[in-house]
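Chain by chain, the residues run as shown.
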Amino acid sequence: MAEWDALWVNVHLATMDEESGYGEIRDAAIAVKDGRIAWLGARAALPHRRAGTVHDGEGCWLTPGLIDCHTHIVHGGNRSAEFEARLSGASYEDIARQGGGILSTVRATRSASERDLFEQSLPRVHALLAEGVTTLEIKSGYGLDLDSEAKMLRVARRIGRELQVRVRTTFLGAHALPPEYAGRADDYIDMLCGHMLPALAAEGLVDAVDAFCERIGFTAAQTERVFGTARALGLPVKLHAEQLSDQGGAGLVARFGGLSADHLEYLGAEGIAAMAAAGTVAVLLPGAFYFLRETRQPPIQALRDAGVPIALATDCNPGTSPMTSLLLAMNMGCTLFRLTPAEALAGVTRNAARALGIFDDTGSLAVGKAADFALWRVDRPGELAYGLGACPSAGRVVLGRQPRPADRTR
């Protein structure tokens, strides 16, 4: 009987298990048993054990599977008309106040069937999987009523089941004020906290809770009520914070022990200190920064100096970041925010796992962790953040298994 289910040899490992650098092991091997990493190290030190299948990595680099820790990838329609309007001078806030923005996607998502939402989401998800993504966060927030939010979250769960990708769902009911609650934001938060969120949690559809704390979103006081309900239900929280202004959201989510604060262009010193003390991850979203032609950068050096973990994500959404390339997000993180390539790779592996609360299970290569990894035809790990439009993926492995070809081409 084989002691290991599978073994990869003739690979170079970037374990990403260090706080700086790649954790390189050249001319290495990695073994899998029952979907977990059973051994890894230099090939010269490989124990004499039998493996059910031996894979020749052909000199590829092998990294943890990539993690896109902030997406709105399940939605109906697109907002290309708004893109044109912004190029003509309209601001994101102007469009939102005129009934466009998030609410236009709400209308399209509410009118779409569950099957339509799944089919519309497939090309976006497949684009990420083709780049070595093994874990994907998917937010709701384009339904804003119980039935539509549940529909989105069920589609997210289905994506995880059928496409061989680990999916973490995030309830974002406090994304925008639905039209039927116009002028009654507190009443909507009452309904969300008293009915919608508890019902969705009872169905097992929610892994975490998010909100949009902003002038065109919800106040800090309203967000705190949502977080209080999440805490009572045993759910972790995260927050769209300080994207367009400093509303104190980073400090608020840190006070609740939040997993992450995301965007952060207007983050101040007080929020940074709170995040550092709470271990809250800073999730940077360069796609939205680029797409909205923002000029104020997140305070990268201050985050580094405070020891706040920095993650990167696509923020895939129809209005402000219609991007389905995590490799491009890495490049943008380097070129727009001056991250190093090692920081960028950490941002889509170990720190992205921390932002989802799953670092104990994935995000680095270590014995006992899930056998989620990606193989790359590159000469060095830094090359992953280098190419524009390049996809040097040589395959991905989820829980020790390579996805079937149909999963990549459907």
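Residues numbered from 1 in each chain as written. Predicted model: local features only at pLDDT ≥ 70, side-chain atom pairs only at ≥ 80, totals over all residues. Heavy atoms only, no water.

Engineer: Run through the overall build of the chain, naming residues and quoting values.
Structural biologist: Looking only at helices and strands, the chain features 15 helices and 15 strands. Against the 2.2 N^0.38 benchmark of 22 Å for 410 residues, the chain shows a C-alpha radius of gyration of 21 Å, consistent with a compact globule. Principal-axis analysis of the C-alpha atoms gives the chain an extent of 70 × 45 × 45 Å. A separation threshold of at least 6 residues defines the contact pool for the chain, and within that pool the share at least 24 residues apart is 72%. (Helix = DSSP H or I, 4+ residues; strand = E, 2+ residues; numbered from the N terminus. Rg over C-alpha atoms; globule rule 2.2 N^0.38 Å. Contact = heavy atoms within 4.5 Å.)

Engineer: Explain the UniProt feature "binding site: Zn(2+)" (unreviewed entry) in the chain to me, and be specific about the residues and the numbers.
Structural biologist: The UniProt entry lists His-70, His-72, His-240 and Asp-315 under the feature "binding site: Zn(2+)" (unreviewed entry), expressed in the numbering used here. In sequence the annotated residues extend across 246 residues, while in space they remain close, none of their C-alpha pairs exceeding 12.2 Å. Among the residues just listed, His-70, His-72, His-240 and Asp-315 line the largest cavity. When you line up the elements, His-70 lands in the loop between strand E6 (66-68) and helix H1 (80-87). Contacts of His-70, omitting those with residues within four sequence positions, involve Glu-137, Lys-139, His-240, Asp-262, Val-283, Leu-285, Ala-313, Thr-314, Asp-315 and Cys-316. Along the polypeptide, Asp-315 turns up in the loop between strand E13 (310-312) and helix H12 (326-335). With relative accessibility at 2%, the residue Asp-315 sits in the buried group. Among residues more than four places away in sequence, those in contact with Asp-315 are His-70, Thr-71, His-72, His-263, Leu-285, Ala-288, Thr-320 and Ser-321. (UniProt positions renumbered as here; feature names shortened; annotations may be inferred. 1 Å grid on protein atoms, 1.4 Å probe; cavity = no way out; pocket = protein on both sides within 12 Å on 5 of 7 lines; lining within 4 Å. Buried < 20%, exposed > 50% of the residue type's maximum accessible area, 1.4 Å probe, protein only.)

Engineer: Now, about the pattern of salt bridges: what can you tell me, with residues and values included?
Structural biologist: Here the structure, examined in full by the defined rule, presents 19 salt bridges. Note that Glu-24 is salt-bridged to Arg-26, the shortest N-O span being 3.6 Å. Here Arg-26 falls in the partly exposed class, since its relative accessible area comes to 48%. A salt bridge links Arg-36 to Asp-361, with the nearest nitrogen and oxygen atoms 2.3 Å apart. Pair noted here: Arg-36 is in strand E3 (residues 36-42) and Asp-361 is in the loop between helix H14 (350-355) and strand E14 (373-376), with a separation of 325 residues, a long-range link. Relative accessible area serves as the criterion here: at 28%, Arg-36 is assigned to the partly exposed category. Because the salt bridges share partners, they merge into one network encompassing Arg-36, Arg-166, Asp-361 and Asp-372. (Salt bridge = Lys/Arg side-chain N within 4 Å of Asp/Glu carboxyl O.)

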